[in-house]
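Descriptive analysis of the structure
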Amino acid sequence: MEESEKSSTENDPARPWQSYNTVYTIAKAGMEGVDKEKVQRIVYEMSKGSKYFENEEKKEVYMKQKIESMRAQLAKLTAVDISRYQKFADKRIVELEATRDLSRIWLHVDMDAFYAAVETLSDPSLKGKPMAVGSMSMISTANYEARKFGVRAAMPGFIARKLCPKLIFVPTDFKKYTYYSDLTRQVFQRYDPNFLAASLDEAYLDITNFCNEKGMTGAEVAEELRESVHKETGLTCSAGVAPNRLLAKVCSDINKPNGQFVLPNERMAVMTFISSLPIRKIGGIGKVTENILKGIFGITTCEEMLQKSNFICALFSRTSADFFLSVGLGLGRTDTPQVTQRKSMSNERTFSPTDDEALFLQKLVDLSENLASDLKKEGLCGRTLTLKLKTSCFEVRTRAVTLPDNICSSEDILKHATKLLKAELPASLRLMGLRMSHFNESKKGVASDPKQRTLSNFIVTEDASGRVSESNIYDDNTLSIDRETSFSSDAHAPCESFDFMDTHQMLDVDPTDKRHGRDEAETGVDNHDVVRDAANPPYPIGAGEVVVRDSSPGLLEETSLDLLGRVVSCTDEEPASLLNPKEPFFWLNDYQCSVCGIELPPSFVEERQEHFDFHLAERLQDEESNNLNRVLKPKQRFTHKDQVSESRQRKKQKASPSDGKHIPIDMFFAKTSQNF
DNA sequence: GGGAGAATTGCTG
DNA sequence: TTCCACAGCAATTCTCCC
């Protein structure tokens, strides 16, 4: 269809589904002959009116606003600006061209409909029938028979069934897929001992040495490798051979399934190949980036990246622009990256939308335990804990806290996660997740800086000598040295980072894979236990409870509250030094702070506790430093912190898409710079 | 005001 | 009835300190 004709029908109000591209894409192999209009209509009708659909519409609106905004920026460029950017772009293109390396031969192997093929091997009766691996909620893979109906990965099962009523669902079985994946990797290893596994069903091989040693061409090696895979696993795969990884991946998709495509290591061949290649075929360019490039510049092919290079340089960041120009030149990575260390670990669970806070807490307990368990398996501890929430309207929120020291115990994770969650309640949620990052780092310098405080760090602890000292609620300074020395620095030394496609191989860590597996013995000791001891919270935390302190006048009890701040139990005794401040501290009329006068209603349990701790810490600090004459102006300081907290709250509310948040331009291109 | 670090969001596979 | 899980990374914004 001609472009003009296509765009006119896409705006047809009688066919609203034509602009709804949430799931369907022609980019997927095996879907070339699908009736796109029919599939789009069914997907649209099945989705219309749902919360998911509404959220997708919101996202669509933001994207259009962004395109308009960038178009406006573009329109403001003067002739002088354009000329200046053209010079800059030309220079950059020359510099990038100079990095071109045609000396390597890369092969990308992609197993055909891997999960579905494995399931068919296990149950041959599935052969020839439309089948999908997954559930009514989500499909992981569909076989080629199902793809003829428009069924594809990342599509909800209930829509897939509507598209193909005879569709057979098979639940995922990762043990099975891992087994077959290992078999394929045994083959890959023979061709490149340092191959890069991108996922269970994809790998990059540098076959340069193999070709030279055997006197074979890339095409011959690809042919032989595919035959070996089929012979040893019963599964078929497709291959792409090219001078770099980016192009090899594109090539492997061309003759799918069970085929291969070879791009010669010649500049002219590469430029010809890339000239008409749709940008969406490039790894790293997804729906959003495609729409932006098309919407602003009319770019649909890689070649056009170069034609619009001046505008690209004018509107995008250096990294994004470099990526786009590299795509236009057909450049990609040719090196074999070093093994890198995992940067984060997370787990998340989707559930039926609910506002049941008891359920949230239980989910948080489960997530904390799972995360702690996973961390322990790899001997990791982290400093930054991120809580991810998805509301029943599909709005995703993340809330993070960075601690001065590493944590990894489920108790610590739960403690901090609960704090993060409480600040978001009440809420109706459908997903909760926890992510740990900043592994095995320490931030002593900053954290121990008494001048650098946060609202929540005025907590008083007592060390082994009985000396009371101020420490951060997130800090466990007394054992920090032990903790630091308990790790093998080698085991966690940062390694050279590499591109996105390469990092993916690291995600599928195979303990038997010497390139990716981590020997737990590397870490030497059971760090988990060390840290758990070290990180004993100043106040004991009971499972499923958030422990806070009630600051009733003259009687400071430790009280366990649920997420709403309701009292559920009273537990441990308070250290004497904390229980006996020299001056009474209480809430006037159960509302107003007797020290600084700030008003905090009884329902602000956590805030009142922090406020109390703040005053107490100040007092003890004064006593310790024998500087009783120092005027702390607590009200000012607290007010400032309070304002900070409030401002953050306001920011959070503002950040809600429903409040019209403005998405930064380059967030659309966050990923794009990683693939070349 | 500038720099560093943290928090947050979004894209991508 | 029903739209995943996970990880990496870029960019922006905010906060705090000097």
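What counts and how
- Residues numbered from 1 in each chain as written.
- Chains lettered and ligands numbered in written order.
- Predicted model: local features only at pLDDT ≥ 70, side-chain atom pairs only at ≥ 80, totals over all residues.
- Heavy atoms only, no water.
- UniProt positions renumbered as here; feature names shortened; annotations may be inferred.
- Core = buried A, V, L, I, M, F, W, Y, C linked by side-chain atoms within 4.5 Å.
- Buried < 20%, exposed > 50% of the residue type's maximum accessible area, 1.4 Å probe, protein only.
- Helix = DSSP H or I, 4+ residues; strand = E, 2+ residues; numbered from the N terminus.
- Contact = heavy atoms within 4.5 Å.
- Pairing = 2+ DSSP bridges.
- Axes fitted to C-alpha atoms, helices over the stretch in contact; angles between N-to-C directions.

Looking up chain A in an unreviewed UniProt entry gives the name DNA polymerase kappa, with the organism given as Sesamum indicum. What the UniProt record of chain A gives under Catalytic activity (unreviewed entry) is the line "DNA(n) + a 2'-deoxyribonucleoside 5'-triphosphate = DNA(n+1) + diphosphate". Regarding chain A, the relevant UniProt record gives this comment under Subcellular location (unreviewed entry): "Nucleus".

Some remarks on the nonpolar core
As a rule of thumb, soluble globular proteins bury nonpolar side chains together. Counting residues in each nonpolar core, the largest one holds 47 residues, and the members touching the most others are Ile282, Phe297, Met305 and Phe316. At the level of elements, helix 3 (51-76), helix 4 (79-97), strand 5 (196-199), helix 11 (245-252), helix 12 (267-275), helix 13 (287-297), helix 15 (309-315) and helix 16 (318-329) are the ones that each hand at least two residues to this core. If one sorts the elements of this core by residue count, helix 16 sits on top with six residues. Leaving out residues up to four positions away in the same chain, Phe297 has contacts with Leu74, Ile292, Lys308, Phe311, Ile312, Leu315 and Phe316.

Thoughts on the pairing of strand 2 (residues 131-134)
Alternating positions in strand 2 separate into two faces, Met131 and Val133 on one and Ala132 and Gly134 on the other, with burial throughout. Of the strand pairs in this sheet, strand 2 and strand 4 (residues 168-170) are connected by three bridges, and their pairing is parallel. The residue bridging Val133 from the neighbouring strand is Val170, located in strand 4. Bridge count between strand 2 and strand 3 (residues 139-142): three bridges; the pairing is antiparallel. When the sheet's bridge partners are listed, Val133 is paired in strand 3 with Thr141. A loop of four residues connects strand 2 with strand 3, the two strands running antiparallel in sequence.

Focus: the sheet that holds strand 9 (residues 344-354)
Read across the open sheet, the four strands follow the order 9-12-10-11; overall the sheet is antiparallel. Each having just a single partner strand, strand 9 and strand 11 (396-407) make up the two edges of the open sheet. Ignoring strand direction, the axes of neighbouring strands in this sheet form an average angle of 15 degrees. Of the pairings in the sheet, the one linking strand 9 to strand 12 (residues 429-439) comprises eight bridges and is antiparallel in character. Note on strand 12: the bridge partner recorded for Asn347 is Leu434.

Describing the sheet that holds strand 3
As summarised here, the arrangement of the three strands in space is 3-2-4, forming an open sheet in which the pairing is mixed. Every other strand in the sheet has two partners, leaving strand 3 and strand 4 as the edge strands with one partner each. Taken pair by pair, the neighbouring strands of this sheet meet at an average axis angle of 30 degrees, ignoring direction. Along the sheet, helix 5 (residues 114-122) contacts strand 2, strand 3 and strand 4; its crossing angle with strand 2, the most-contacted strand, is approximately 110 degrees.

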